Amino acid sequence: MTYLENNYYPDLYFYDMIKLITIFGGLMENHHYENEGQFQRKMTSRHLLMLSLGGVIGTGLFLSSGYTIAQAGPLGAVLSYLIGAIVVYLVMLSLGELAVAMPVTGSFHTYATKFISPGTGFTVAWLYWICWTVALGTEFLGAAMLMGRWFPGVPTWVFATLFALLIFGLNALSVRSFAEAESFFSSIKVIAIIIFIILGLGAMFGLVSFEGQHKAILFSHLTAHGAFPNGFAAVVSVMLAVNYAFSGTELIGIAAGETDNPKEAVPRAIKTTIGRLVIFFVLTIIVLASLLPMKEAGVSTAPFVDVFDKMGIPFAADAMNIVILTAILSAGNSGLYASSRMLWSLANEGMLSKKVVKINEHGVPMRALLLSMVGAVLALFSSIYAADTVYLALVSIAGFAVVVVWLSIPLAQINFRKDFLKTHTVDELSYKTPFTPVLPWITIILLLISVIGIAWDASQRAGLYFGIPFIALCYIYHYLRYKKW
């Protein structure tokens, strides 16, 4: 039995069914909607593992890694991704304790509402929703543009529509169909990364032909321009982009409420997180930075393709095009799932219309799904017709949102642990964040440093300009609407 069952709502049994979750001591005039359908616990440990894996391996790794190498330098890029892996793992440790104790759908803002403040929960939910809906719109467009390589005569909007319908269909069928599709997409990305690492290491040690010769390049490019050619401040400045590249791992928390055995599945997925991140991100960046000189990485729009071409691998561009297309569809699949659950959770707590709470017989919150798809389409249109105004603001808020959402997780865990220890002992927790509260506070400090680092990067500074006012507006609206911060 979970902490929430034992202490707050003894009539709710999360391992039998998901009911709509919290009453928060009279918050929102005790809005709590029951008998509106229920989620189905159809995800297995394998699905949860592949969901978290697929969520984190996306365009941030495949396309943005060249930018990181150019900004922070090769060695600086490796260091920034290593720090990023550690930070996201620390966040996951805090999320694990919360998700196992309270495996609820739309977890982040639920924890923030209960253990920080209602206004914070409201803000976190909208930040995370914007983050994924903006990503969805750009992913549909990006996937369609990739298809233009093979079908140049077909209008982009045709493929964008087809991919949008595909992702919507996978999410609308059932949580099981979503999870199976995500497992398939993730498998392709994982296989591609493993092949890249093996061949890349072979080229570094002279075992695989590179630029027409077998020569051991080793790690010479890592320090060719000095350890930090643009200064150590550049390493800090790219942390927002690195954190955004790691976003998606936190989907474990959102999916916990639809997992068949969260007590076992969530800890298992988290325990393997650091290993996966080191292997798939840090090792990949080491190979990429060692084989691709800093100047080439900075101007490359497809660094992985460049490396494969230098190895003389036939059809490298086409092969990577397929992998990147898969990565985009995977991110879209996960993004629609995450954004729809976040909207549902907002409605469940009375912050949106009661009608959005409705869950159909397949365990899908169809109205929340449709609203999230509408948000994605609007983001797509803004990228075409208002790229320098509305879309710039949305993208800036989305990048900033990831760090803010992550910040709420260790802070909520610290407060949860304090509350829990009033009537329980630590041994009663099925999953424990180690060294609480020291480790969660270290996590918070590292995340705050990455936020401060935005100020040093002119290309990301808009995240502060638009993100901070948006947060302020969310708090003000929530206070005016509910008279509670």
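Residues numbered from 1 in each chain as written. Predicted model: local features only at pLDDT ≥ 70, side-chain atom pairs only at ≥ 80, totals over all residues. Heavy atoms only, no water.

### Re the packing of helix α5 (residues 74–101) against helix α19 (residues 390–420)
Packed helices, taken two at a time, are described by their axes: the angle between them and the distance between them.
Phase 1: Their axes nearest at 9 Å, the elements α5 and α19 cross at an angle of 50°. Put simply, α5 runs oblique to α19. The chirality of how α5 crosses α19 is left-handed. Between α5, through V88, V91, S94, L95, E97, L98 and A101, and α19, the contact on the second element is made entirely by W406, I409, P410, A412, Q413, F416 and R417. (Axes fitted to C-alpha atoms, helices over the stretch in contact; angles between N-to-C directions. Helix = DSSP H or I, 4+ residues; strand = E, 2+ residues; numbered from the N terminus. Parallel < 35°, antiparallel > 145°, perpendicular 65-115°, else oblique. Left-handed = near helix turned anticlockwise from the far one by under 90°. Contact = heavy atoms within 4.5 Å.)

### Remarks on the packing of aromatic side chains
Phase 1: As enumerated under the stated definition, the model contains 13 aromatic pairs in all.
Phase 2: Ring geometry for F196 versus F308: centroids 5.6 Å apart, planes at 85°, classification edge-to-face. Of this pair, F196 sits in helix α9 (residues 175–204) while F308 is found in helix α16 (residues 303–310), placing the two residues 112 residues apart along the sequence.
Phase 3: Residue F196 is classed as buried on the basis of its relative accessible area of 0%.
Phase 4: Grouping aromatic residues by their ring pairs yields a cluster made of F122, W126, W129 and Y477. (Phe/Tyr/Trp six-rings, centres within 6.5 Å; stacked < 30°, edge-to-face > 60°. Buried < 20%, exposed > 50% of the residue type's maximum accessible area, 1.4 Å probe, protein only.)

### Description of helix α11 (residues 239–246)
Phase 1: Across the 8 residues that make up α11, a large majority, 6, are buried.
Phase 2: Within the sequence span of α11, burial applies to M239, L240, V242, N243, A245 and F246.
Phase 3: Once α11 ends, the next one or two residues include G248, with phi positive near 120°.

### Observations concerning the confidence of the model for the protein chain
Phase 1: Taken residue by residue, the protein chain gives an average pLDDT of 78. The fraction at 70 or more is 85%.
Phase 2: Between the elements of the protein chain, mean pLDDT differs from a low of 43, seen in helix α1 (residues 3–7), to a high of 90, seen in helix α20 (residues 438–453).
Phase 3: Confidence drops under pLDDT 50 across residues 1–36; counting only partners more than four residues distant or on other chains, this segment forms 98 contacts. (pLDDT = per-residue confidence, 0-100.)

### Some points on a nonpolar patch on the surface
Phase 1: The grouping of V374, V377, L378, F381, I384 and Y385 at the surface amounts to a nonpolar patch, some 620 Å² of accessible area in total.
Phase 2: One can find V374 in helix α18 (residues 366–385). (Patch = residues over 30% accessible without salt bridge, like charges linked within 9 Å, V, L, I, M, F, W, Y side chains within 5 Å. Areas by Shrake-Rupley, 256 points an atom, 1.4 Å probe, with all protein chains shown as cover. Salt bridge = Lys/Arg side-chain N within 4 Å of Asp/Glu carboxyl O.)

### Section: the pattern of salt bridges
Phase 1: By the definition in use, this model includes 2 salt bridges.
Phase 2: Between E97 and R417 there is a salt bridge, with its nearest N and O atoms 2.6 Å apart. Of this pair, E97 sits in helix α5 while R417 is found in helix α19, placing the two residues 320 residues apart along the sequence. Take E97 and R417: they sit in the same class, and that class is buried.
Phase 3: Between K422 and D419 there is a salt bridge whose closest N-O contact spans 3.8 Å.

### Digging into the packing of α19 against helix α21 (residues 462–482)
Phase 1: One can describe the packing of α19 onto α21 by two numbers: an axis separation of 8 Å at closest approach and a directional angle of 75°. Taken together, α19 and α21 sit at an angle that is classed as roughly perpendicular. Here α19 contributes L392, A393, S396, I397, F400 and V404 to the contact with α21, which in turn contributes A462, G463, L464, F466, G467, I468, F470 and I471.
Phase 2: Grouping the amino acids of the contact of α19 with α21 by side-chain chemistry returns 11 nonpolar, 3 polar and no charged. (Nonpolar A, V, L, I, M, F, W, Y, C, P; charged D, E, K, R; others polar.)

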